[in-house]
Amino acid sequence: MAAIQVLDSNTINQIAAGEVIERPASVVKELLENAIDSKATAITVEIQGGGLQTIRVTDNGSGIVREEIPLAFKRHATSKIRTASDLFQVASLGFRGEALAAISSVSRIDVLTKTADAPFGTSLHLEAGVVTERGEAGCPNGTTMLVRDLFYNTPARMKFMKRDSVEASAVLSTVQRLALAHPEVAVRVLRDGQEQLSTPGDGKLLSAIYAVMGRQTAQEMTPVDGSWDKLSVTGFVTRPAATRGTRGSQIFFVNGRHVRSKLMTAALEQAYRNQLLQGRFPACVLHLHLPEHLVDVNVHPAKTEVRFLREQEVFDCVHYGVLGALEQASGRVQMKLKPQNDGNSAFRTMSAAEYRAAAAALLEAGLRRGRVARH
Ligand code: ADP
Ligand code: MG
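So, how was this worked out
Residues numbered from 1 in each chain as written. Chains lettered and ligands numbered in written order. Predicted model: local features only at pLDDT ≥ 70, side-chain atom pairs only at ≥ 80, totals over all residues. Heavy atoms only, no water. Buried < 20%, exposed > 50% of the residue type's maximum accessible area, 1.4 Å probe, protein only. Helix = DSSP H or I, 4+ residues; strand = E, 2+ residues; numbered from the N terminus. Near = heavy atom within 4 Å. Polar contact = N/O pair within 3.5 Å; in protein donor to acceptor, adjacent residues only side chain to side chain. Areas by Shrake-Rupley, 256 points an atom, 1.4 Å probe, with all protein chains shown as cover. Contact = heavy atoms within 4.5 Å. Core = buried A, V, L, I, M, F, W, Y, C linked by side-chain atoms within 4.5 Å. Phe/Tyr/Trp six-rings, centres within 6.5 Å; stacked < 30°, edge-to-face > 60°. Lys NZ or Arg CZ within 6 Å of the ring centre and 35° of its normal.

Asks: Please clarify how helix 9 (residues 262-270) should be interpreted in this entry.
Replies: Spacing of three or four residues puts side chains on the same side of an α-helix, whose turn is 3.6 residues. With 8 of its 9 residues buried, helix 9 lies for the most part within the structure. Taken together, the buried positions of helix 9 are Leu263, Met264, Thr265, Ala266, Ala267, Leu268, Glu269 and Gln270.

Asks: Mind showing me how you'd approach the site of ligand 1 here?
Replies: Surveying the vicinity of ligand 1 reveals 20 residues, the closest of which are Asn34, Thr78, Ser79, Lys80 and Gly97. Ala99 places a polar main-chain atom, nitrogen or oxygen, 3.3 Å from an oxygen atom of ligand 1. In this structure, a nitrogen atom belonging to ligand 1 sits 3.5 Å away from a side-chain N or O atom of Thr143. Within the complex, 92% of the 530 Å² of free accessible area of ligand 1 lies under protein. Breaking the shell around ligand 1 down by element, the ones donating at least two residues are helix 2 (24-37) and helix 4 (99-105).

Asks: Help me out: how do you make sense of the environment of Val185 in this one?
Replies: Following the sequence through the fold, Val185 ends up in the loop between helix 6 (164-181) and strand 7 (186-191). Measuring from C-alpha to C-alpha, the distance between Val185 and Thr41 comes to 4.5 Å, with 144 residues separating the pair along the chain. Discounting chain neighbours no more than four positions away, the residues touching Val185 are Ala40, Thr41, Ala42, Ile43, Thr199 and Gly201.

Asks: Is there a simple way to explain the nonpolar core in this structure?
Replies: The nonpolar side chains of a soluble globular protein tend to be buried, and buried together. Of all hydrophobic cores here, the largest spans 59 residues; its most connected members are Leu31, Phe73, Val175, Leu180 and Ile209. With 9 residues, the top contributor of residues to this core is helix 6. When near neighbours in sequence (up to four residues on either side) are disregarded, Phe73 contacts Leu100, Ala101, Ser104, Ile109, Val111, Leu124, Leu126 and Met145. Counting residues in each nonpolar core, the second largest holds 32 residues, with Val233, Ala266, Ala271 and Phe315 among its members.

Asks: What should I look at first to understand the packing of aromatic side chains in this one?
Replies: Aromatic ring pairs are defined here through the distance separating the ring centres and the angle between the ring planes. Using the criterion set out here, one finds 1 aromatic pair in the structure. An angle of 20° between the planes, with centres 5.1 Å apart, marks the rings of Trp228 and Tyr320 as stacked. Here Tyr320 lies in helix 10 (residues 311-330) and Trp228 lies in strand 9 (residues 221-228), a separation of 92 residues in the sequence. Since its relative accessible area comes to 15%, Trp228 is described here as buried. Judged by its relative accessible area of 4%, Tyr320 falls in the buried class. The residue whose ring lies beneath Arg108 is Tyr152, and the NZ or CZ to ring-centre distance is 3.9 Å.

Asks: Help me understand the environment of Glu327, please; the structure alone is not making it clear to me.
Replies: Take Glu327: it is sitting in helix 10. Since its relative accessible area comes to 18%, Glu327 is described here as buried. Note: C-alpha distance between Glu327 and Ala271 (56 residues apart in sequence) is 9.7 Å.

This is the structure we're talking about:
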């Protein structure tokens, strides 16, 4: 066997890229998350050739301080955490400090960036992770990352790329999810010059749903707003009459991150029990919020798995939240309560908390029996 050697940094970055950067959509996800972390309110994503030719992400966020730009492309260089203990309360989307290092090791990158207090911006060109040019540039506040010729120096990876149209739709799905996670950010996607998506960024989830899923789906949705101890769930679900043939339109976020979760799917669908035909599924966009220490964020960045410390509470929160929404939509929980102060509304709908208490007592026994197996 050959002598043991420590790998050089570009090789290490390419190995990391293999794990984090699988396809153009993974680049777009990382660049978009960086833009959101930089407090951008408007982000444009442009791709050509399915993203293999070019990906350009432009944001109006904080920009990167001139002296720190080369650092941003170093592995494990991040402005988002300082020590391991910060890992338990990560509020940003990124924190590993490896995305830009990984992306730049397998592409050619042009960066344009300017902070609000800098008199001019900075441009930087990198080839396979090495800075080859650097200059001043007139540009607006924020950052533009132009990634060209993705995987040009890793032909083995290139072979796994699908048709441009397949890669482009994976990019679009990625941006759509980010747009639904951040209705406060106006997100645009241009594919080969054609606009594919444009969200208003007005902070309303329903506006983002309208832009991403279409008018029909937006009209079929009813709002969810529930809480369970320190957990809360908000968002929209389709009314029972408006279902889908697949689970493709069930979108879940945990503390702003898109996840796939059998547990949350089960909790959602249980709420529709007896109201759905066989083989029909609700659509949803649900945001679960819980204290960071109850969820493990330190999972693989390219994966959408999530680990909850208390699965039962997560199930209950989503389940009763959705149940409350469906009951309200059907008008069944109109309860006669004491007149309000203004005296003219003798009826009102139960609050989420009131509903939760009532529903919990009523449904406990039956639901626990019928619960779906969880992972
Ligand atoms: P991470 O996001 O995990 O910190 P990245 O490699 O994605 O690591 O980015 C490294 C650093 O570069 C970030 O911590 C941030 O300080 C800076 N950065 C990257 N993209 C942007 C951007 N669009 N706007 C402002 N700063 C950015
Ligand atoms: Mg990042």
